[in-house]
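# Analysis of the macromolecular model
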Amino acid sequence: MARNDSGDRSGGQSFFGCAYCHEAFPEKRELEVHQSMVHAGLPFSVVPAPLPEREKGLLHRAPTAAISKSIPLSEVNRHCTPEDCWVALNGKVYDLTEFMDRHPGGPTTILSWAGKDASKMFNDIHKGIKIDQYLRPEASLGDLGVDESLMSDSFWHTLRKARIQEVKEELHRLRQAVTMDGDAHPASGKVGRRQSTSISKLLQEKNLDPDLRASLQSLETQKRVALDVEDFARAQEIKIRADALLAEAQVSMVSKQDRSGGIPLSEVAHHNKPHDCWVALYGQVYDLTDFLLHHPEQRNAVLAWAGRDASPMWNKIPGRFPSSTWMDYFMRPEARMGEVGKEPQGDPREEEIQQLQDELRRLEGPSEEDIQAAQAGATRAVPAAAEASKLSEEARFPRLQQIVAGKELQFFTRAEVAKHKGPPGGPPGTEPYIILHNRVYDLTPLLQNHPGGDDVLLSRAGTDATKDFELFEHSEKSRVKRDQEMLVGEIVPAERMDWTAEVATSGAESTIQKAGSEVARYLRYKATDALVAMVALYAHWSFQKRKPLSKLTYSRGLRHLHLIMAVGIFGALGSAHAASRAEGMAKKRYLAIHKQTGVAMLLALVVRVYFRMKSGIPPRFPGHPAMKFIETQSLRLFYVLLLALPVSGMANEYFLKWAPGEERTGNKKDDERNAALAKQALAVHTRVGKFFEFVWLPFHLGYTTAYHYSRGRGVVRKVSPFI
């Protein structure tokens, strides 16, 4: 049964009703749970039903009243971006977007818990501290969780969507009224200059220019890195660059007021960062930015009131900010900015529009794309070792350090990289990026030049592909070229991962898993024993069936090689398919088996050809000449295919790793030639393999074998040395 989400739910038959009782639910899955628990054993049955009485009253109330008192965790999970950061703490929900930059521990610590319940971590570190005293009143959003006896989680979101529609309609009405009165309000679309109260709110606007959004997000990332390491001078430089970018785009973050009548608290509120810190105190405004640079031990006390009026805390803690002793000892006359002024009188309609816009941003939250990117980038970093591991990329390939020496690389978060999935030539901010060893690379220069094909690269775009990269054991030459042509930045320090430690951890985990499965260990040991027994039995049978060398004929003595070739063929094909479906170390093992079986097949082919030249060849089977011709040509094609497959595979590896390139010849074109030849060799290997698997094998093993079998000839003898 389909639900109607567009109409009025209070009267229509738009809910899922239970056919066995009078209960009704807004979601089908809720009805399924109800029937499985209350009506166990009966088949699932649903009937159209009106809105339940317990929820009908809520729908006719203002949706904002129904959803403002409590917030489900599923809603908190949606607000997980730097521009919209909600965190649950001890049963309360807080918007920490504004507080993030002035957090004493740096913004990244808060951002790592965006959209989550951080109560345990907070209580372990900040025992007895009430976070409300550090936040503005509007940062407290409500209680965590909904009353299940009042409404379901899904119905809370139904009310949220209804309120979004109400706010949009009210905004449309107010904007029309402003337009009809001839007011030049930014929201009416009559002026070319955009206004916003903060960069975080500006970045939440859906119609923001993509280029401006990408540039501002990048600058915000650089700023957070600077604040994490308490480099406030660097943060101030980035702020100046952001202001210049906004001025160029004709965006005003705050209207500058005439300070002849004092500085209103609304303007003070915008100076709430460690690198731009104003505080109001008993009718005076002070700029404490320079003080924070020289007195890091007092940053926590000052930043708690950055951008606010700290008068309520006056002399609460003697000797600390804000107190009379502190003012006498630390305050300099040049820090005084002026008196606190009255708030400017604004148009009530403009204030109402601003309030509705803020509510709409809060209800809508980040876009689904931003949420998915943030969740994809939420990776727990493995602590870096005290000393550089001998397995790290820099330790194994010292030339890489020379390439990045002296370069100032741009910082990226994993969420930002997750948005760069391509395709090439797409909108700004979507270029295909990839993470390798905590560095960010643009895949565009490698497309159409990668030996493994573009599909392999684009399938990993936006992700950390370090494991897959290391599995294929890329040479130093390819890594150097990668850093020279593709390197665009690095991951922020707080999100970096120690690949060598992760490998060690995963290895330890796999060991524990192996040790915990006694049955699996027993089967592995028995499989090894069975393989050894088969090889011994094969050798024994071969010895028992041996004949004098004078009687070693092509038709019988080379059946051993037939068997080895058959094992090589099906082993190579099977391992190739297994590798295409595997990941990690399993993929690497299957690829190793693929190479080994291919080499065995090649050796058997060479020996077979050699003995064929040295021994007598028996006459062909009696039959129709056309059939003889078809089988002869099929066998000749078989030799060509079996020779082309391993040779093309080895050629690909040679041109990738061993062929002389720019490092040895000094000619950059040699690297380009090697890359092109490696790609061609891999293309030949893949196409020949598919032709061999899907054309030659079905024909030769199907048609010719069926023909011989219909004539009463034993086909198994061709590959059996013992019959």
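Conventions and cut-offs
Each chain carries its own residue numbering, running from 1 in the written order of its sequence. Where totals are concerned, whole chains, interfaces and linings use all residues; where local detail is concerned, this predicted model gives features only for residues with pLDDT of at least 70, and gives and counts side-chain atom pairs only at 80 or more. Heavy atoms throughout the structure, all of them, feed into the side-chain values; hydrogens and water do not. To sort residues, take the accessible area from a 1.4 Å probe on protein chains only and compare it with the maximum for the residue type: under 20% means buried, over 50% means exposed, and anything in between is partly exposed. In this text, helices come from DSSP runs of H or I with a minimum length of four residues, and strands from runs of E with a minimum of two, each type numbered from the N-terminal end. Any two strands with at least two DSSP bridges between them are considered paired. Convention adopted: a line fitted to C-alpha atoms gives each axis, helices being fitted over their contacting stretch, and angles between N-to-C directions are expressed from 0 to 180 degrees. Here is the rule for angles: anything less than 35 degrees is roughly parallel, anything more than 145 is roughly antiparallel, 65 through 115 is roughly perpendicular, and the remaining ranges are oblique. Crossings are assigned a handedness: left-handed for a near helix turned anticlockwise from the far helix by less than a right angle, right-handed for a clockwise turn. Any two residues whose heavy atoms approach within 4.5 Å are treated as being in contact. Polarity classes work like this: nonpolar for Ala, Val, Leu, Ile, Met, Phe, Trp, Tyr, Cys and Pro, charged for Asp, Glu, Lys and Arg, and polar for all others, with Gly in that last group. Aromatic pairs are defined between Phe, Tyr and Trp rings, using the six-membered ring for Trp, whenever the two ring centres lie within 6.5 Å; interplanar angles under 30 degrees are classed as stacked, those over 60 as edge-to-face, and all others as tilted. By construction, the arc corresponds to the directions joining the helix axis to the C-beta atoms. Take the buried Ala, Val, Leu, Ile, Met, Phe, Trp, Tyr and Cys residues and link them wherever side-chain atoms come within 4.5 Å; each set so joined is a nonpolar core. Each residue carries a pLDDT score, the predictor's confidence in it, ranging from 0 to 100. In the sections that follow, a salt bridge refers to a side-chain nitrogen of Lys or Arg positioned within 4 Å of a carboxyl oxygen of Asp or Glu.

Okay, the pairing of strand S17 (residues 433-436) next. Across the two faces of S17 the burial is the same, with Tyr 433 and Ile 435 and Ile 434 and Leu 436 all buried. Connecting S17 to the antiparallel partner strand S18 (residues 439-442) that follows it, the hairpin turn spans two residues, and His 437 within it adopts a positive phi of roughly 50 degrees.

Residues Phe 321 and Pro 322 are joined by a peptide bond in cis, for which omega reads -5 degrees. Notably, Asn 438 is not glycine yet its phi reads approximately 65 degrees, a positive angle. Take Asn 438: it is sitting in the loop between S17 and S18.

Between helix H9 (residues 210-228) and helix H10 (residues 232-248), the shortest axis-to-axis distance is 8 Å and the interhelical angle comes to 165 degrees. Classified by the angle between their axes, H9 and H10 sit roughly antiparallel to one another. Of the two possible hands of crossing, H9 and H10 adopt the one that is left-handed. Counting all contacts with H9, which are made through Leu 212, Ser 215, Leu 216, Leu 219, Gln 222, Lys 223, Ala 226 and Leu 227, the residues of H10 involved are Phe 232, Arg 234, Ala 235, Ile 238, Arg 241, Ala 242, Leu 245 and Leu 246. Its residues assigned to classes, the contact of H9 with H10 comprises 11 nonpolar, two polar and three charged.

Each pair of packed helices gets described by two things: the angle between the helix axes and the distance between those axes. Direction vectors running N to C along helix H7 (residues 153-180) and helix H15 (residues 348-364) enclose 155 degrees, while the axes themselves pass 10 Å from each other. When the interaxial angle is binned, H7 and H15 end up roughly antiparallel. Both H7 and H15 take part in a crossing whose hand is left-handed. Contacts between H7 and H15 pair Arg 160, Arg 163, Ile 164, Val 167, Lys 168, Glu 170, Leu 171, Leu 174, Arg 175, Ala 177 and Val 178 from the former with Arg 349, Glu 352, Ile 353, Leu 356, Gln 357, Glu 359, Leu 360, Leu 363 and Glu 364 from the latter. Here the contact of H7 with H15 is built from residues that sort into 10 nonpolar, one polar and nine charged.

We describe a pair of aromatic rings using the distance from one ring centre to the other and the angle between the two ring planes. In total, this model carries 11 aromatic pairs according to the counting rule given. Arranged with centres 5.2 Å apart and planes meeting at 70 degrees, the rings of Tyr 654 and Phe 655 form a pair that is edge-to-face. Ring plane angle 5 degrees and centroid distance 5.4 Å describe the contact between Phe 692 and Trp 696, whose orientation is recorded as stacked. Taken together, the residues span about one helical turn, with Phe 692 and Trp 696 both in helix H30 (residues 668-710) at a distance of four residues.

This paragraph deals with helix H1 (residues 28-38). Taken together, the buried positions of H1 are occupied by Glu 30, Leu 31, His 34 and Gln 35. Mapping the buried residues of H1 onto a view down its axis gives an arc of 130 degrees, with all of them on the same face. Seen from the open side of H1, the exposed residues pointing more than 90 degrees away from its buried face are Arg 29 and Met 37. Residues of H1 that are buried sit in contact with strand S1 (15-18), strand S2 (24-25), strand S3 (46-49) and H7.

Attention now goes to the sheet that holds S2. Strands pair in a sheet through their backbones, by hydrogen bonds, and they do so in one of two ways: parallel or antiparallel. Taking strand neighbours across the sheet as the criterion, the three strands line up as S2-S1-S3 in an open arrangement whose pairing is antiparallel. Of all the strands in the sheet, just S2 and S3 have a single pairing partner and so form its edges. Where S1 meets S3, four bridges bridge the pair, whose relative direction is antiparallel. Across the sheet, Phe 15 pairs through a bridge with Ala 49, a residue of S3. Across the sheet, H1 is in contact with S1, S2 and S3; its angle to S1 comes to roughly 10 degrees.

Our focus in this paragraph is the environment of Ala 280. With respect to the helices, strands and loops of the structure, Ala 280 is situated in strand S13 (residues 276-281). In sequence terms Ala 280 and Ala 310 are 30 residues apart; their C-alpha atoms lie 6.1 Å from each other. Setting aside its immediate chain neighbours within four residues, Ala 280 contacts Leu 265, Val 268, Val 285, Arg 308, Asp 309, Ala 310, Ser 311 and Val 340.

Glancing now at the nonpolar core. Counting residues in each nonpolar core, the largest one holds 20 residues, and the members touching the most others are Cys 277, Leu 288, Phe 291, Val 302, Phe 321, Trp 326 and Met 331. Those elements giving two or more residues to this core turn out to be S13, helix H12 (289-294), helix H13 (299-303) and helix H14 (324-330). When neighbours within four sequence positions are excluded, Phe 291 is seen to be in contact with Gln 298, Val 302, Trp 326 and Phe 330. Judged by nonpolar contacts, the second largest core, of 18 residues, contains Ile 110, Phe 122, Ile 131 and Ala 139.

Let us now look at the confidence of the model for the protein chain. Parts of the model with low pLDDT should not have their predicted coordinates read in detail. Overall, the predicted model of the protein chain reaches an average pLDDT of 76, with 77% of residues at or above 70. Long-range and interchain partners of residues 1-13, a stretch whose pLDDT sits below 50, account for 29 contacts in this model, where long-range means more than four residues apart. Under a pLDDT of 50 for its full length, residues 380-389 has, in the predicted model, 16 contacts with residues more than four places off or in other chains.

This brings us to the pattern of salt bridges. Counted by the stated rule, this structure contains 26 salt bridges. Here Asp 101 and Lys 223 are joined by a salt bridge, their closest N and O atoms 2.5 Å apart. Separated by 122 residues along the polypeptide, Asp 101 in the loop between strand S7 (92-95) and helix H5 (107-111) and Lys 223 in helix H9 bring together distant segments of the chain. Across the pair Arg 482 and Asp 483 runs a salt bridge whose closest N-O atoms are separated by 2.9 Å. Like Asp 483, Arg 482 is buried. The network of salt bridges with shared partners includes Glu 393, Arg 439, Arg 479, Arg 482 and Asp 483.

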